[in-house]
Amino acid sequence: MDQIVKAIVDFTNWLWGPPLMIILAGGGLFLTIRLGFFQFRHLFYMWGQTFGQMMKKPEDPNAISPFQAATAAIASTIGAANIVGVPVAIAFGGPGAVFWMWIIALLGCASKFSEIVLGIKYREKDASGEYVGGPTYYLAKGFKNKTLGKFLAGWFAFFLMIEIIPSISTQTVSAAQNAATLGIPDIATGIAMALIVLVIVVGGTKRLVQVTERLVPVMALIYVIGALVVIGVNIDKLPGVFVLIFESAFAPMAPVGGFAGSTLALALRWGAARGTYSNEAGMGSTPHAHAQANVKDPHDQGVVAMVSVFIDTFIVLTLNALVVISTLYAPGGILAQGYTEEVSQVINKTNLAQTAFGTVFGTQAGAMFVAVCLFFFAFSTVLSWNMFGKINIIYLFGKKAAPVYSVIALVFIFLGTLMSNDLVWELTDMFNNLMVIPNAIALFALSGVVVKICHMSKKASK
């Protein structure tokens, strides 16, 4: 197993070097320039467009509202990567990794907008009258070279389909519960998660978006309030925290115990990896949800989709990062001067967030708060990714394969609670990498289509 993990780590680290840095940062910058810095010019409009849709019901009974589509997409992004992934990025890339998460997110807004516009532009209606769309559709239909397009569509569909195998969400829930000493067996956690997902998935897309529409705002608000309490207690440390983030984004940082010392390359690698997995901009996952929205103008939903990047990265992710750095890494924190042998027996990459909240809430209460929040974050992510996987399995093998996929997905949701933490994270990173590549090619090749839609939209001129 150690050799397998090492091989996956080596391959993933190579991909997260120049190849994906060029694809993510370079692609996001290319789209930002080509769209005329769209995400900055329409910053206020996108918030009004999103929350202005909250009370609107879809005219098409087979479609979902723009807001429901947005919450289903946000449900997939606000998950384990926000609570557990961010501290991991800080541990291995230093606090400077947070800076690169912000940069990747700002550039990623253009990627997010583009993939949603393409998802709606090339979507179809299935036999039941419901919209389906995503990278598989705009790759297969948008490319003039149909052979290349269908090959890339199959590539994307395959790796998104098997993304459920690592099941990082259920694994981190199990680890968090163990850290909180709740006494819940891992098997019981896996069974409970699988059964709840089954009940919702059986109800179809309508039931799923009804759950995410109610769950996402509540779970995000609870976590944000908890984070603000911790930050409020450590408010005097915030100026130093931001200095630490900006300084360590470019300057080397000494090794901290079992964690490697951070360099610019490591800060970039971990910031980009966890940032992308967190907000999913450019990955091609969230277009599946947005493509089902009852909108006529792709531009409108693309604007709504950018809000998810801001909510995920600049609110939830940033608050979590400030909690971890202000309590553990800032002067007076237990990691400020590096690890001692005693501390290294207690702190690891799995329980950094729980330890951080525990400094204010108390060890047990902090661990329980994170464990409960993580359960709901992970649960919403599992729901959305199950829907994304089903869309792609149907694309590859037809509708008859959907029930088989659902059963396999439920099995891996259960098995995720029993898998190795290192293996789960590395598999997730690898599959994410391999999903990004065909989607990034599509965003570059079809950028002209996105620009044309922007110019044609009356709202684009506002």
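The rules behind these values
Residues numbered from 1 in each chain as written. Predicted model: local features only at pLDDT ≥ 70, side-chain atom pairs only at ≥ 80, totals over all residues. Heavy atoms only, no water. Helix = DSSP H or I, 4+ residues; strand = E, 2+ residues; numbered from the N terminus. Buried < 20%, exposed > 50% of the residue type's maximum accessible area, 1.4 Å probe, protein only. Contact = heavy atoms within 4.5 Å. Areas by Shrake-Rupley, 256 points an atom, 1.4 Å probe, with all protein chains shown as cover. Phe/Tyr/Trp six-rings, centres within 6.5 Å; stacked < 30°, edge-to-face > 60°. Polar contact = N/O pair within 3.5 Å; in protein donor to acceptor, adjacent residues only side chain to side chain. Core = buried A, V, L, I, M, F, W, Y, C linked by side-chain atoms within 4.5 Å. Arc of directions from axis to C-beta. Axes fitted to C-alpha atoms, helices over the stretch in contact; angles between N-to-C directions. Parallel < 35°, antiparallel > 145°, perpendicular 65-115°, else oblique. Nonpolar A, V, L, I, M, F, W, Y, C, P; charged D, E, K, R; others polar. Salt bridge = Lys/Arg side-chain N within 4 Å of Asp/Glu carboxyl O. pLDDT = per-residue confidence, 0-100.

**Q** What should I look at first to understand the overall build of the protein in this one?
**A** When you go through the protein residue by residue, the secondary structure sums to 22 helices and 2 strands. Buried residues in the protein amount to 61% of all 462 residues. Across the protein, every contact between residues at least 6 apart in sequence was considered, and the portion connecting residues at least 24 apart equals 83%. Here the protein has roughly 17600 Å² of accessible surface; of this, 70% comes from carbon and sulfur atoms.

**Q** Help me out: how do you make sense of the packing of aromatic side chains in this one?
**A** Counting across every chain of the model gives 18 aromatic pairs. Both rings, one in tryptophan 100 and one in phenylalanine 250, keep their centres 5.5 Å apart while their planes meet at 70 degrees; by these two values the pair is edge-to-face. With tryptophan 100 in helix α7 (residues 96-121) and phenylalanine 250 in the loop between α13 (238-248) and α14 (264-279), this pair connects stretches of sequence that are 150 residues apart. Taking relative accessible area as the criterion, tryptophan 100 reaches 14% and is therefore assigned buried. Here the aromatic rings of phenylalanine 361 and phenylalanine 369 are separated by 5.5 Å at their centres, their planes lie at 85 degrees, and the arrangement is edge-to-face. Owing to a relative accessible area of 28%, phenylalanine 361 belongs among the partly exposed residues under this scheme. Ring-pair connections join several aromatic residues into one group, and the members of that group are Phe99, Trp100, Trp102, Phe242, Phe246 and Phe250.

**Q** Would you take a moment to explain the side chain of threonine 327 for this structure?
**A** Along the polypeptide, threonine 327 turns up in helix α16 (residues 298-329). Looking at threonine 327, its side chain comes within polar contact range of the main-chain oxygen of valine 324, at 3.4 Å. Among residues more than four places away in sequence, those in contact with threonine 327 are Val230, Asn234, Gly333, Ile334, Ala356 and Thr359.

**Q** Mind showing me how you'd approach the environment of isoleucine 196 here?
**A** Counting through the fold element by element, isoleucine 196 comes out in helix α11 (residues 186-202). C-alpha of isoleucine 196 to C-alpha of leucine 383: the two residues are 187 residues apart in sequence and 9.7 Å apart in space.

**Q** Before we go on, may I ask you to explain the nonpolar core in this structure?
**A** Side chains that are nonpolar tend, in soluble globular proteins, to be buried together. Counting residues in hydrophobic clusters, the biggest one holds 121 residues, and the most contacted among them are Ile83, Phe113 and Val197. The biggest single contributor to this core is α16, with 16 residues. In contact with isoleucine 83, not counting residues within four places along its chain, are Tyr223, Asn320, Ala353, Val370, Cys373, Leu374 and Phe377.

**Q** Honestly, α13 in this entry has me stumped. Any pointers?
**A** Given 3.6 residues per helical turn, the α-helix brings residues three or four places apart onto the same face. Residues of α13 that are buried include every one of Leu238, Val241, Ile245 and Ser248, and no others. End-on view of α13: buried residues confined to an arc of 105 degrees, all on one side of the axis. In α13, the exposed positions that point more than 90 degrees away from the buried face belong to Pro239 and Glu247.

**Q** Mind showing me how you'd approach the packing of helix α8 (residues 135-142) against helix α9 (residues 146-161) here?
**A** The relative placement of two packed helices is expressed as an angle between their axes plus a distance between the axes. Running from amino to carboxyl end, α8 crosses α9 at an angle of 170 degrees, the nearest separation of the two axes being 7 Å. The pairing of α8 with α9 is recorded here as roughly antiparallel in orientation. Between α8, through Pro135, Thr136, Leu139, Ala140, Lys141 and Gly142, and α9, the contact on the second element is made entirely by Lys146, Gly149, Lys150, Leu152, Ala153, Phe156 and Ala157. Here the residues of the contact of α8 with α9 sort into 7 nonpolar, 3 polar and 3 charged.

**Q** Looking at this model, I keep getting lost on the pattern of salt bridges. Mind explaining?
**A** Working definition: two side chains of opposite charge can pair if their charged atoms are close together. Taken as a whole, this structure holds 2 salt bridges when the rule is applied. Among the ionic pairs, glutamate 124 bridges to lysine 141, the shortest N-O distance being 3.6 Å. With glutamate 124 in strand β1 (residues 124-125) and lysine 141 in helix α8, this residue pair connects regions lying 17 residues apart in the sequence. Classification of glutamate 124 by relative accessible area gives partly exposed; the value is 34%. Given the relative accessible area of 34%, lysine 141 is considered partly exposed.

**Q** Looking at this model, I keep getting lost on the confidence of the model for the protein. Mind explaining?
**A** Low pLDDT marks stretches whose predicted atomic positions should not be read closely. Counting all residues, the mean pLDDT for the protein is 77, and 75% of those residues have values of 70 or more. Of all helices and strands in the protein, the one with the weakest mean pLDDT is helix α17 (residues 341-344) (49), whereas α8 scores best (93). Low confidence marks residues 255-261, where pLDDT is under 50. Its contacts with residues over four positions away, or in another chain, come to 18 contacts.

**Q** Honestly, the packing of α13 against α16 in this entry has me stumped. Any pointers?
**A** The interhelical angle for the contact between α13 and α16, taken along N-to-C directions, is 105 degrees, at an axis separation of 10 Å. With respect to their mutual orientation, α13 and α16 come out roughly perpendicular. Contacts between α13 and α16 involve Leu238, Val241, Phe242, Leu244 and Ile245 from the former and Leu322, Ile325, Ser326 and Tyr329 from the latter. Taken together, the residues of the contact of α13 with α16 sort by class into 8 nonpolar, 1 polar and no charged.

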